[in-house]
Amino acid sequence: MKRVAIIGAGCSGLTAIKCCLDEGLLPVCFEREDDIGGLWNYTDSAKYGKGSVYKSCVINTSKEMMAFSDFPPPKHFPTFLPHTYVLEYFRLYAKNFGLLKYINFKTAIESIEQCPDFEQTGRWKVAYHSVITGQTVSEVFDGVMVCSGHHTHPFLPAFDGVEKFHGTTMHSHSYRRSQQFTDKKVLVVGIGNSAVDIAVDLTNTASQVYLSTRRGAWVISRKGFWGLPADAVANNRLLFQLPRNVLQWSVEKMANFNFDHETYGVKPTHRPLDAHPTINDELPTKIMTGKIKIKPNVHNFDDSGVVFHDGSHEKVDAVVFATGYSYKIKFLDDSIVNINKNQTCLYKYMFPPHLRHPSLAVIGLVQAVGAVMPISEMQCRWYTRVLKGSSTLPSVPAMMTDIQAKSDHNNMYVKSQRHTIQTFWIDYMDEIADEVGCKPDFKSLILRDPKLTLHCLLGPCFPAQYRLNGPGKWNGAKTAICSGMERSLAPLKSSNVLPKNAKLVDECSRDICITIPKGLTSYFLLLFVVFLLFCVCLV
């Protein structure tokens, strides 16, 4: 049995363990903390090299869209999960599939190197240090899955005069709660998801919050038409068949329908699909009430505050830099995985193309307009089949051509370190699913089950669609797909509140049985038609 070293026990590491077990491989997971969850394992203080979330953090993808494909979240969980619920979902997943016994906690990776016989065997030597034993040990593995995440090393751009500033400065990686900024004037630099979330959170205690942005952003609400989860409505197969310009225009109109971006001072020069969107529901209200003031890019700092590019000066007590992250894998030599200014050279964002044996893969180093959990799971399903020999990679020239094509594709996005690994969720999921052999076959499905086909094409592209056929087929996929929206909205109704003494979840088993709501397919057809009419009316 081949042994696979898995680095990290966050969302990617957990599904890596499960996928190894599904393919008859022996996983050995190394986690430097004392618990699972990675980024979503909240701690009161930040740790360098570990992803982190703030106290008020709520995930911006709905629970059914962020779910692993064969493990729906508990029905009573909120539609959008606060970080404590995300971690609890991971705990349920780990318990349900018996993953914890394969994890070595408090164990940090020192180095990963090719074995002397790598050209013949594809094996790796992994050196790790155990806090529990106090020893550093080296072991040989047949494969390595790097699941350590990419929100771990804060990136701080150089700002003129910042060393003169007498106030408090921190990166958003270190931000935890707003109480330490009570009655202070705070500047947040950036307008990504973390920046806006933190700015909104700070308004609860700070006397004034300023939000500085270089180029603005398209701000999207978590809720779409009629309060439905916007990501579930948007990640629709039929919708993404529309021309890109039509999609650009539609998103722009919907964003401005919520609040006019130019009037509120956040309108960017780029189109909505040319950059990662910012998802927040409260920013317009905070701007309207004066609690957040939008400012242009920072020009320089002085001892009392900041000068902006429009010449204005504001005195501030503290600055939070929400300026993103540098992608680093410190335990791997650059000759194996080279990352330059967040630009990678990985086949399908996973495999180093130059290695003779595809026995090492980076999991989760991709950013889509959608949740990373199902993406990581799909990557793990593919990697384990490659290592097992059930799937093969193309030639090095073919892989390099694909890498270049993805680089050219990313030229459509705004030039920044953030968009070097950007992709569309459905496109990328289908691409990897095609390699696994589990991409939905709608031509065949429509003959066998027309109603399910309509759910898949007209409704949200729930991750369970990738369990309908092929390796890893799951008998509960149909019910998970057909009831996904019902389950997503179930906690909004008071009758669905979980009794005090009820088990946390009894429906989250592999053989889950869910009632298919009547008329949901027709509902999504109506939704799509109304959407198109809405767009036409706005012309």
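Parameters at a glance
Sequence order sets the numbering: in each chain, residues are counted from 1 along the sequence as written. Owing to the predicted nature of the model, reporting of local features is limited to residues with pLDDT of at least 70; listing and counting of side-chain atom pairs is limited to 80 or more, with chain, interface and lining totals taken over all residues. The basis for every side-chain value is the complete set of heavy atoms in the structure, and neither hydrogens nor water enter the calculation. UniProt positions are given in the numbering used here, feature names are shortened, and annotations may be inferred rather than shown by experiment. A run of H or I in DSSP counts as a helix once it spans at least four residues, and a run of E counts as a strand once it spans at least two, with each numbered from the N terminus. Classification of residues uses two cut-offs on accessible area relative to the type maximum, computed with a 1.4 Å probe and protein chains only: under 20% is buried, over 50% is exposed, and between them is partly exposed. Here, residues are in contact when the closest pair of their heavy atoms is within 4.5 Å. Note on areas: these come from Shrake-Rupley sampling with a 1.4 Å probe, and a residue is covered only by the protein chains present in the view. Only strands that DSSP links by at least two bridges are regarded as paired with each other. Orientation is described by axes fitted as lines to C-alpha atoms, over the contacting stretch for helices, and by angles from 0 to 180 degrees between their N-to-C directions. Take the buried Ala, Val, Leu, Ile, Met, Phe, Trp, Tyr and Cys residues and link them wherever side-chain atoms come within 4.5 Å; each set so joined is a nonpolar core. Multiplying 1.5 Å by the helix residue count minus one yields the expected span of that helix. Whenever a nitrogen or oxygen atom comes within 3.5 Å of another N or O atom, the pair is scored as a polar contact, on the condition that within protein one atom can donate a hydrogen and the other can accept it, and that pairs from neighbouring residues in sequence are kept only if both atoms are in side chains. Salt bridges, as used here, are contacts in which a Lys or Arg side-chain nitrogen is within 4 Å of a carboxyl oxygen on Asp or Glu. Each pair of aromatic rings taken from Phe, Tyr and Trp, with Trp reduced to its six-membered ring, is defined by centres within 6.5 Å and is described as stacked if the planes are under 30 degrees apart, edge-to-face if over 60, and tilted in the remaining cases. Consider the ring centre and the ring normal. A charge sits over the ring if Lys NZ or Arg CZ is within 6 Å of that centre and within 35 degrees of that normal.

In the annotation of an unreviewed UniProt entry, the chain is listed under the name Flavin-containing monooxygenase and assigned to Mytilus galloprovincialis. Word for word, the UniProt comment on the chain under Sequence similarities (unreviewed entry) is "Belongs to the FMO family." As its UniProt record puts it under Cofactor (unreviewed entry), the chain is described as follows: "FAD".

What follows concerns the overall build of the chain. Each helix and strand in the chain was counted, giving 15 helices and 22 strands. Counting only residues that meet the buried cut, the chain has 55% of its 539 residues in that class. When contacts within the chain are restricted to residue pairs at least 6 apart in sequence, those whose partners lie at least 24 apart make up 70%. For the chain, the accessible surface area stands at approximately 23100 Å², while carbon and sulfur atoms represent 53% of it.

Taken together, 5 strands build an open sheet; the order of strands is E3-E2-E1-E7-E20 and the sheet is parallel. The sheet is open, and its two borders are formed by strand E3 (103–104) and strand E20 (360–362), each paired with just one other strand. Across the sheet, helix H1 (residues 11–22) touches strand E1 (3–7), strand E2 (26–30), E3 and strand E7 (143–146), and the angle it forms with E1 is around 170°. Packing against the sheet, helix H8 (residues 372–388) makes contact with E1, E7 and E20, and its axis sits at approximately 165° to E7.

Within a sheet, neighbouring strands are paired by backbone hydrogen bonds and run either parallel or antiparallel to one another. Spatially, the 3 strands line up as an open sheet ordered E4-E5-E6, and their pairing is antiparallel. Only two strands of the sheet have a single partner each, and these edge strands are strand E4 (107–114) and strand E6 (136–141). Going from strand to strand, the sheet's axes swing by 25° on average, the running direction of each strand aside.

Mapping Ala477 onto the fold places it in helix H13 (residues 477–482). On the basis of relative accessibility, which here comes to 0%, the residue Ala477 falls in the buried class. Those residues in contact with Ala477, other than ones at most four positions away along the chain, are Ala464, Arg467 and Leu468.

Time to look at the nonpolar core. Ranked by internal contacts, the top residues of the largest apolar core, which has 124 residues, are Phe90, Ile112, Met145, Val188 and Met373. Among the elements that make up this core, the one with the highest residue count is H8 (8 residues). Sequence-distant contacts of Met373, that is, excluding residues within four places in its chain, are made with Cys11, Trp40, Ile59, Met66, Phe68, Val86 and Phe90.

Take helix H2 (residues 83–96) next. Here H2 is 14 residues long and its end C-alpha atoms lie 20 Å apart, about the 20 Å a rise of 1.5 Å per residue gives. For H2, the complete set of buried residues consists of His83, Val86, Leu87, Tyr89, Phe90, Leu92, Tyr93 and Ala94. Each element contacted by the buried residues of H2 is listed here: H1 and H8. Of the residues one or two after H2, Gly98 is the one with positive phi, at around 60°.

Before going further, it helps to examine H8. Between its first and last C-alpha atoms H8 spans 24 Å; for 17 residues at 1.5 Å apiece the expected length is 24 Å, and the two agree. Counting buried positions over the 17 residues of H8 gives 15, a clear majority of the element. Directly after H8, the chain includes Gly389, whose backbone phi takes a positive value near 100°.

With respect to the helices and strands, Asp402 occurs in helix H9 (residues 396–410). Under the relative-accessibility criterion, Asp402 is labelled buried at 17%. Here the side chain of Asp402 touches Lys348 through a polar contact of 3.1 Å, side chain to side chain. What Asp402 contacts, discounting residues up to four positions off in sequence, is Tyr347, Lys348 and Glu431.

Attention now goes to the environment of Ile403. Mapped onto the elements of the fold, Ile403 is located in helix H9. On the basis of relative accessibility, which here comes to 11%, the residue Ile403 falls in the buried class. With 56 residues separating them in the primary sequence, Ile403 and Tyr347 have C-alpha atoms 5.8 Å apart. Beyond its immediate chain neighbours, meaning those up to four positions away, Ile403 contacts Cys345, Leu346, Tyr347 and Pro353.

On inspection of all chains with the given rule, the structure shows 26 salt bridges. One salt bridge in this structure joins Glu139 and Arg3, with 2.8 Å as the shortest N-O distance. Note that Glu139 is positioned in strand E6 and Arg3 in strand E1, a separation of 136 residues in sequence. The partner of Arg467 in a salt bridge is Glu377, with the nearest N and O atoms 3.2 Å apart. Here Arg467 is found in the loop between helix H12 (450–458) and H13, whereas its partner Glu377 is found in helix H8, with 90 residues between them in sequence. For the residue pair Arg467 and Glu377, the accessibility class agrees, reading buried in each case. Members of the salt-bridge network, linked through shared partners, are Lys18, Asp22, Asp70, Glu377 and Arg467.

Here the structure, examined in full by the defined rule, presents 25 aromatic pairs. Taken together, a centroid distance of 5.2 Å and an interplanar angle of 70° make the contact between Tyr93 and Phe97 edge-to-face. Each member of the pair Tyr93 and Phe97 is classed as buried. Among the aromatic side chains, those forming a connected cluster through ring pairs are Phe68, Phe71, Tyr89, Phe90, Tyr93 and Phe97. When the ring centre of Phe97 is taken as reference, the NZ or CZ atom of Lys18 above it lies at 4.8 Å.

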